[in-house]
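A look at the structure
Here is what each chain is made of, one letter per residue.
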Amino acid sequence: MRRLLLLGIRFTIVMMLLSILNPMGGALGATSKFSDVEGHWASDTIAWAVEQDIVSGYLDGTFRPDLTVTEPEFLIMLLRAYPSIVMPELKKNTPWYEIYYRLAEQYNWPLLHEIDGKQFNRGSVAHLLAATQGNNLSMLDAVQYVLDQGIAHGKTTATLAGYGIQDKLKRSEALTLVKNMVDSELELSKAEGKVIPVSQASFEVRGITIGDSERNVVAQLGEPVRRDLSEYGFEWFIYNQDYKQYIQVGVHKGKVVGLYSNVDNWSAKSGVQLGSSATMVRTVYGDTLTSIRKGNTDFLLNILSQDESPSYLIDGSYVSFFLDKHNHNTVTAIQIIDEDVELSLQAFHGEPSDRLISSFEKQMFDLANSVRVRMGKKAFIWSEQVADTARKHSKDMAVNDYFAHDSLSGLSLGDRLKIDGIKFSSAAENLAGGQSSAIFAHEGLMNSEGHRVNILSDMERLGVGVYLGGSYEAYYTQNFFTPIE
């Protein structure tokens, strides 16, 4: 199945190259002879492009106006529309697209340097087109620029939301952009200033991307402080040496399959970043997923998750943006999970184990500390004694099927601390239940006013107790306290 798919992709690329590199005359040179162009919204533009020898049809008599365009294919269309451009000589034994890339580099244009079309989209082409007018801009600024200049008019409206940044570029759309440039008498020029890189990866966290090797992770970040188990079965490499640079890197079989950060150390090709608004996220990525289909089962995402952690399938990864509703609904964290890994988890929760429990407990402690340090607070000190108090309460809730700060026997947090011999001047407790991981539990608590106050309080110590099982399947208890001097 996989082999056939790869062969199919290769055939498509070869056929596209035949179309562009060998313009055909005669019957295929007129759009009226293309079996799939008559009545198409871009038929006039296609006729113009064929007449100008920018593109041609396929050997089977079709034009395929809705076929996806790759970066080198778009460069050919663009540069052929400007015959006054002097192309470099094609060196022997070099790929056909090498001269187009060489010229674009001489013009200081931002490029992906990928030929299979996996990453190239409408945002990428806006980035490129803005540069052809002398402007090296961020992707969102580039999109706004091509809209303002009339080079593009958007897929639905002439706005960032209507442009379709993440959508693939079709042949008909590519030619329309090129024709708009020519009709507006816009010349191609060298871009001034430093090129704003167009990463092939949609997301980077401290320079690490999905698909990187474990060797590269260790080379860049060093050995992790811990290797925690995830609900998916892969290991989270935990880097908590500096909470200002906190990162979790998911590794499976020597390959990066997961990333998480709740501090300012990640970037997105789209321009979304820590502090971006929920409106910007939805403008760039559209409507959030409401479910994930795994096999024959649709796993529904609840409404709260959709509002507080909109999720998307982006370039082969499931991406969750966590929003802070107490800070103007802005992005506060990001989690990225490889698509195959996500689909392999045929349940909402992972397989319970002592190691997974311990991993969740330590992560909740680290997540609380990283967000505290980000907000100018001191990190908590771990208390194993109070963690044991928290563990017993999580287990009691699961075994006796309740969810409350007071036990069924009437014991409060203060009572439980006294029973365990913990002397305190102040204490507080956070509870969460049902979340699939420590990450989702933490982010949910941060969006609850009372729980958030406890996480950002001036108390000194924290212990976390997790129990997997019961009607909620996962119970998380955070006990905060300041000991009596």
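Residues numbered from 1 in each chain as written. Predicted model: local features only at pLDDT ≥ 70, side-chain atom pairs only at ≥ 80, totals over all residues. Heavy atoms only, no water.

Looking at where S35 falls in the secondary structure, it is placed in the loop between α1 (2–21) and α2 (43–51). Those residues in contact with S35 that lie beyond four places of it in its chain are G61 and T62. (Helix = DSSP H or I, 4+ residues; strand = E, 2+ residues; numbered from the N terminus. Contact = heavy atoms within 4.5 Å.)

What follows covers the pairing of strand β15 (residues 474–483). Most of β15 sits out of view: 10 of its 10 residues are buried. Residues of β15 alternate between two faces, with A474, Y476, Q478, F480 and T482 on one and Y475, T477, N479, F481 and P483 on the opposite face, all of them buried. In this sheet, β15 lies alongside strand β13 (residues 424–433) in antiparallel orientation, the contact comprising nine bridges. What sits directly across from N430, in β15, is Q478. (Buried < 20%, exposed > 50% of the residue type's maximum accessible area, 1.4 Å probe, protein only. Pairing = 2+ DSSP bridges.)

A word on unusual backbone geometry. A positive phi angle is found at H113, which is not glycine, with a value near 60°. Looking at the element boundaries, H113 is found in the loop between α4 (98–106) and α5 (122–132). Of note, D401 is a non-glycine position whose phi angle comes to about 55°, a positive value. By the element assignment, D401 lies in the loop between α14 (384–399) and α15 (413–419).

You can see L356 is positioned in helix α13 (residues 354–374). With relative accessibility at 1%, the residue L356 sits in the buried group. Taking the C-alpha atoms as reference points, L356 and E231, separated by 125 residues in sequence, lie 7.2 Å from one another. If near-sequence neighbours (up to four positions away) are discounted, L356 is found in contact with L229, S230, E231, G350, E351 and L468.

In this section: empty space enclosed by the protein. By the definition in use, this model includes two cavities of 30 Å³ or more. Lining the largest cavity are F322, L323, D324, T332, E443, M446, N447 and R452. Listing elements by their share of the lining of the largest cavity, those giving two or more residues are β10 (317–324) and α16 (438–446). In terms of residue count, β10 provides more of the lining of the largest cavity than any other element does, three residues in total. (1 Å grid on protein atoms, 1.4 Å probe; cavity = no way out; pocket = protein on both sides within 12 Å on 5 of 7 lines; lining within 4 Å. Points joined across faces, edges and corners; volume = space filled by probe spheres on them.)

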